[in-house]
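Breakdown of the fold
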Amino acid sequence: MLITHDTECALGILVELLNTSADACGSEQFPDLTALGAFVARHRISEVDSLTAADLAAVHRLRTRLREVFSADSTVQAAELVNAVVAAAGTTPRLTNHDQHDWHIHYFAPHAALGDHLAAELGMALAFIVMAGERERLRRCEAPDCARVFVDLSRNRSRRYCDSRTCGNRLHVAAYRARQRAETVSTG
C-alpha cells in the first residue's frame with residue numbers, strides 16, 4: 001500500500017489525538033488550551049490562529065467522531081462516518097508549499113478553526129485508507145486492559161499492540177510467567 005508522507009503524518013496525528021481521551025489512557029490529555037496548544041506546536045500544525053475554548057470543545061467532539069471510524073462494523077459505515085466528518089469541516093483542497101515543504105495539498109480553508117482543520121486533514125487521511133481497501137489497518141490494541149488505537153502500517157499487517165514496548169512486552173512477560181508457573185506445577 002502506497003501512503004504519501006502527508007497522509008502518514010496525518011495518521012500519526014490522528015492516532016495521538018484519539019489516544020488522548022480519558023477512555024483511551026485513563027485521564028483527559030486535553031483538559032485545557034495549554035495542552036491543546038502543546039499538541040498543535042508538537043505537530044507543527046500550520047495556519048492555526050489563537051486557540052479558544054470553542055476550539056477545545058470542537059476537538060473533543062471531533063476526537064469522539066473519528067474514533068467511531070475505528071470501530072465501524074463495515075466499510076460502508078466507515079465511509080459514511082468519514083464523509084460526515086469531512087463534509088462538516090467544509091473542506092477546501094488547495095496546493096501549498098509553506099515552511100520549506102514541497103508542494104502538497106491542504107484540505108482545510110486558510111486559518112480554519114482547529115476542529116475544522118483537523119477534521120479535514122485527518123478525515124481525508126482516513127478516507128485514503130478506506131478508499132484503498134485497507135480499513136483493517138485501523139485497529140484497537142489487543143491488550144485486554146488497553147483502549148488505545150493505532151494504524152497498522154506494517155507490510156504484512158501483523159501489528160497487534162498500540163506499543164510493543166508497553167502493551168506487547170507486558171503481555172509477553174505475563175504469558176512467559178504463566179508458562180513458568182505451569183511448568184513448575186506440572187513438574188512439582
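In the block above lies the structure referred to throughout.
First, a word on scope: everything that follows refers to the structure included in this document. Numbering of residues starts from 1 in every chain and runs along the sequence as written. Residues qualify for local features only when their pLDDT is at least 70, as the model is predicted, and side-chain atom pairs are given and counted only at 80 or more; totals for whole chains, interfaces and linings, by contrast, use all residues. In computing side-chain properties, one takes all heavy atoms of the structure into account and sets aside hydrogens as well as water.

**Re the overall build of the protein chain**
Going by this rule: Here a strand is any run of E in DSSP of at least two residues, a helix any run of H or I of at least four, and the numbering for each starts at the N terminus. For every residue, the accessible area (1.4 Å probe, protein chains only) is compared with the maximum for its type, and the residue is labelled buried under 20%, exposed over 50%, or partly exposed between those bounds. Contacts are assigned to residue pairs with any non-hydrogen atoms lying within 4.5 Å of each other. The method behind every accessible area is Shrake-Rupley, applied with a 1.4 Å probe, and residues are considered shielded solely by the protein chains displayed. For this count, His and the chain ends are skipped, Lys and Arg are scored as positive, and Asp and Glu as negative. To locate a charge, take atom NZ for lysine, CZ for arginine, CG for aspartate or CD for glutamate.
Check the secondary structure of the protein chain and you find seven helices and four strands. Order of helices (α) and strands (β) in the protein chain, N terminus to C terminus: α-α-α-α-α-β-β-α-β-β-α. In terms of principal-axis extent, the alpha carbons of the protein chain reach across some 70 × 35 × 35 Å. The buried share of the protein chain, reckoned over its 188 residues, is 39%. Contacts in the protein chain between residues far apart in sequence, at least 24 positions, make up 52% of those at least 6 positions apart. Total accessible area on the protein chain is roughly 10700 Å²; 53% of this is exposed by carbon and sulfur atoms. Side chains of the protein chain carry 21 positive and 23 negative charges; the gap between the two charge centres is 9 Å.

**Considerations on the pattern of salt bridges**
Heads up, the rule is: Salt bridges are identified by distance alone: a Lys or Arg side-chain nitrogen within 4 Å of an Asp or Glu carboxyl oxygen.
Per the stated rule, a full pass over the model turns up eight salt bridges. The partner of Glu 28 in a salt bridge is Arg 63, with the nearest N and O atoms 2.7 Å apart. Of the two residues, Glu 28 sits in the loop between helix 2 (22–25) and helix 3 (33–42) while Arg 63 sits in helix 4 (residues 53–70), which places them 35 residues apart along the sequence. By relative accessible area, which is 27% here, Glu 28 ends up partly exposed. Among the salt bridges present, the one from Arg 94 reaches Glu 47, with a minimum N-O distance of 2.9 Å. Note that Arg 94 is positioned in strand 1 (residues 94–96) and Glu 47 in the loop between helix 3 and helix 4, a separation of 47 residues in sequence. A cluster of three or more residues bridged by salt bridges with shared partners is formed by Glu 134, Glu 136, Arg 137 and Arg 157.

**Points about the environment of His 60**
Among the structural elements, His 60 can be located in helix 4. By relative accessible area, His 60 is classed as partly exposed at 22%. For the pair His 60 and Leu 122, spaced 62 residues apart in sequence, the C-alpha separation works out to 14 Å. Not counting residues within four places of it along the chain, the set of residues in contact with His 60 comprises Glu 28 and Phe 30.

**Regarding a nonpolar patch on the surface**
To be explicit about the condition: Think of a patch as exposed residues, more than 30% relative accessible area, with no salt bridge, where like charges cluster within 9 Å and nonpolar side chains (Val, Leu, Ile, Met, Phe, Trp, Tyr) cluster within 5 Å.
Together, Leu 95, Trp 103 and Ile 105 make up an exposed nonpolar region whose accessible area comes to about 340 Å². On the secondary structure map, Trp 103 appears in the loop between strand 1 and strand 2 (104–106). Residue Trp 103 is classed as exposed on the basis of its relative accessible area of 54%.

**With respect to the side chain of Asp 152**
In plain terms, the rule: A 3.5 Å cut-off defines polar contacts: any pair of N or O atoms within that distance qualifies, except that in protein one atom must be a possible hydrogen donor and the other a possible acceptor, and neighbouring residues in sequence count only when both atoms are side-chain atoms.
Here Asp 152 shows up in the loop between strand 4 (149–151) and helix 7 (164–187). There is a polar contact of 3.1 Å between the side chain of Asp 152 and the backbone nitrogen of Arg 159. Excluding its chain neighbours within four sequence positions, the residues that come into contact with Asp 152 are Arg 137, Arg 139, Arg 157, Ser 158 and Arg 159.

**Some details on the layout of surface pockets**
Going by this rule: Note on definitions: the grid is 1 Å and covers protein atoms alone; a cavity is a set of points where a 1.4 Å probe fits but cannot get out; a pocket is an open set with protein on both sides within 12 Å along at least five of seven lines; lining residues have an atom within 4 Å of a point. Grid points are joined across faces, edges and corners, and a volume is the space filled by probe spheres set on the points. Amino acids outside the nonpolar list (Ala, Val, Leu, Ile, Met, Phe, Trp, Tyr, Cys, Pro) and the charged list (Asp, Glu, Lys, Arg) are all regarded as polar, and Gly is one of them.
Of the pockets and cavities examined, the largest pocket occupies roughly 770 Å³. By residue number, the principal contributor to the lining of the largest pocket is helix 6 (residues 114–131), which donates eight residues. Across the lining of the largest pocket, the residue classes tally to 17 nonpolar, ten polar and five charged.

**Side note on the packing of aromatic side chains**
Heads up, the rule is: Ring pairs shown here join Phe, Tyr and Trp side chains whose ring centres sit within 6.5 Å, with only the six-membered ring taken for Trp; geometry is labelled stacked below 30 degrees between planes, edge-to-face above 60, and tilted in between. By definition here, charges over rings are those cases where NZ of Lys or CZ of Arg is within 6 Å of the ring centre and within 35 degrees of the ring normal.
Applying the stated criterion across every chain yields a total of two aromatic pairs. A ring pair is formed by Phe 30 and Phe 39, whose centres lie 5.0 Å apart and whose planes are at 65°; its orientation type is edge-to-face. Accessibility assignment for this pair places Phe 30 and Phe 39 in one class, buried. Above the face of the Phe 108 ring, Arg 94 is positioned so that its terminal group lies 5.3 Å from the ring centre.

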